[in-house]
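# Remarks on the overall topology
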Amino acid sequence: MLNLKIFSEFFLILSFLTAKVACSSCRINYDESLGCSSLEDLLNYPNPANQTMISVFGVNDNELNVFSCDESIFENFTSAEEFSLRRVKILHVSEECFMGLNGLKVIDLRYNYLTNIYMGSFRPSAAMKVKTINLKGNKISAIYFANVEMPEVENLDVSDNRLKSFRINRRIFHKILELNLGKNQISTFKIESETLKSLDLSGNRIKSFDGSSFVLPNLEEITLEGNFLTTITPDMFANMPKLINIRIPHNHLEKVSLPEFIKIRDIDLGYNKIKNISDVNIAVDHRMDGFLILQSNKFFELDQTNLNIDKLNHFHCSKCSIYSIDKFFFANTFRSLRTLTLQFNYVTTLDIF
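Values in this document were obtained by computation on a predicted structure and should not be read as measured data.

Once that is clear, we can look at the side chain of Ser33. Assignment of secondary structure puts Ser33 in the loop between strand S1 (27–28) and strand S2 (34–36). Residues within four places of Ser33 in sequence aside, it is in contact with Arg27, Ile28 and Met53.

Below you can see the structure in the form of structure tokens.
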């Protein structure tokens, strides 16, 4: 009888410990968010309705342990405002996946196995007001926007995927401010938005585009780093009148000419194939601290053609293989110039001031 009693007590203790292990990876973090290392643990969490920030960061490397969110399995997390499901091997997200989570503001599905997305999956009801959607690091080759409006979305990140083209019009996103399409395979696109302020198209396969590719009246910043552009003409940026920051390093640019009405604060043209400074035709906003970065273009000399940029504050041309600089080259910018960077060139004498 004694042995039986000991065995019974041992069994009760073991059962208790086993019950705890079922949700052993879930913890309340310092910022009061609920963090788990598996979806199974999350779905077994005892108080789902009380959690506003939910995070699952997968740690299981088993390739067979994949997941399709085709049902409203999170409907008990009724107070959720932020939902992060990273590295949990999600294959598909349907319109039912986030059904009932009307308070949701942030959806983070980074580094999963998604291959295509219907944007309506993130707004299954008109009551939802999602502001941020992060789909970085998936395998997405297509995004469908048919009959979709996302009136509250401000940030959309689809970087590091497999998109070859991208098209949105101004009716889809009413308040979007930041759009990240970097590190895809995009070669064709058309982007229209009344509100967008920052656009990242770096690391794609863009060879050229025309003025109709962008209709962005409030865009302030664009990144086209790491593409295959050979020239920039005024019509290419004609529909971005408020642009002040342009980053186009690591392309094959030989000539850059922007519309006269665009007043640039910063422009990065480093690591291109520009050989003559006269092939850079831009205007700098004199109210701002303007930067012109030409690093690693092969100019060899900055000749008697004046730097035709008034009120420039910072000129960077390190590793430009410069042997000589004409004494009047900086005549137009002499009074405003604050930083002159000419490191790692071949100049032996300098008489420019």
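Take the sheet that holds strand S23 (residues 280–281) next. Strand order in the open sheet formed by three strands is S18-S20-S23, with parallel pairing between adjacent strands. In this open sheet, the two edge strands, each paired with only one partner strand, are strand S18 (231–232) and S23. Sheet topology note: the strand S20 (residues 255–257)/S23 ladder contains two bridges and is parallel. Note that in S23 the partner of Val256 across the bridge is Val280.

Below, the discussion takes up the pattern of salt bridges. Scanning all chains against the criterion turns up 12 salt bridges. For Glu220, the salt bridge is made with Lys197, and the minimal N-O distance between the two is 3.6 Å. Taken together, the residues Glu220 in the loop between strand S16 (214–215) and strand S17 (221–223) and Lys197 in the loop between strand S14 (188–192) and strand S15 (198–200) connect sequence positions 23 residues apart. Taking relative accessible area as the criterion, Lys197 reaches 34% and is therefore assigned partly exposed. One salt-bridge network, held together by shared partners, links Lys131, Glu152, Glu154 and Lys175.

Further remarks concern the state of the cysteines. One pass over the full model with this rule turns up three disulfides. The disulfide that involves Cys26 links it to Cys36, with 2.0 Å between the sulfurs. Across the disulfide from Cys26 to Cys36, rotation about the S-S bond amounts to roughly 110 degrees, and the bridge is consequently right-handed. Residue Cys26 is located in the loop between helix H1 (2–21) and S1, and its partner Cys36 is located in strand S2; the two are separated by 10 residues in the primary sequence.

Before going further, it helps to spend a moment on the sheet that holds strand S12 (residues 165–168). Pairing is parallel across the open sheet formed by three strands, whose spatial order is S12-S14-S16. Both outer strands of the open sheet, S12 and S16, are each paired with one neighbouring strand and no more. Bridge count for S12 against S14 is four bridges, and the pairing is parallel. Opposite Arg167, over in S14, you have Lys190 as the bridge partner.

Turning our attention to the environment of Ser336. Topologically, Ser336 is positioned in the loop between strand S28 (324–325) and strand S29 (339–341). Between the C-alpha atoms of Ser336 and Asp289, which are 47 residues apart in sequence, the distance is 9.6 Å. With sequence-adjacent residues up to four places away left out, Ser336 is seen in contact with Lys311, Leu312 and Asn313. Of the polar contacts made by the side chain of Ser336, one reaches the backbone oxygen of Leu312; its length is 2.8 Å.

To continue, consider the packing of aromatic side chains. As enumerated under the stated definition, the model contains 15 aromatic pairs in all. Here Phe145 and Phe166 contribute two aromatic rings whose centre-to-centre distance is 6.0 Å and whose plane-to-plane angle is 90 degrees, an arrangement assigned as edge-to-face. A residue pair is termed long-range when its members are at least 10 positions apart, and Phe145 in the loop between strand S10 (142–144) and strand S11 (155–157) and Phe166 in strand S12 qualify at 21 residues. Taken individually, Phe145 and Phe166 each receive the classification buried, so the pair is uniform in this respect. On the basis of an interplanar angle of 80 degrees and a centroid distance of 5.9 Å, the ring pair of Phe209 and Phe237 is categorised as edge-to-face. Remark: Phe237 occurs in the loop between S18 and strand S19 (245–247) and Phe209 occurs in the loop between S15 and S16; sequence separation between them is 28 residues. Per residue, the accessibility class of Phe209 equals that of Phe237, and both read buried.

Cut-offs and rules
- Residues numbered from 1 in each chain as written.
- Predicted model: local features only at pLDDT ≥ 70, side-chain atom pairs only at ≥ 80, totals over all residues.
- Heavy atoms only, no water.
- Helix = DSSP H or I, 4+ residues; strand = E, 2+ residues; numbered from the N terminus.
- Contact = heavy atoms within 4.5 Å.
- Pairing = 2+ DSSP bridges.
- Salt bridge = Lys/Arg side-chain N within 4 Å of Asp/Glu carboxyl O.
- Buried < 20%, exposed > 50% of the residue type's maximum accessible area, 1.4 Å probe, protein only.
- Disulfide = S-S within 2.5 Å.
- Polar contact = N/O pair within 3.5 Å; in protein donor to acceptor, adjacent residues only side chain to side chain.
- Phe/Tyr/Trp six-rings, centres within 6.5 Å; stacked < 30°, edge-to-face > 60°.

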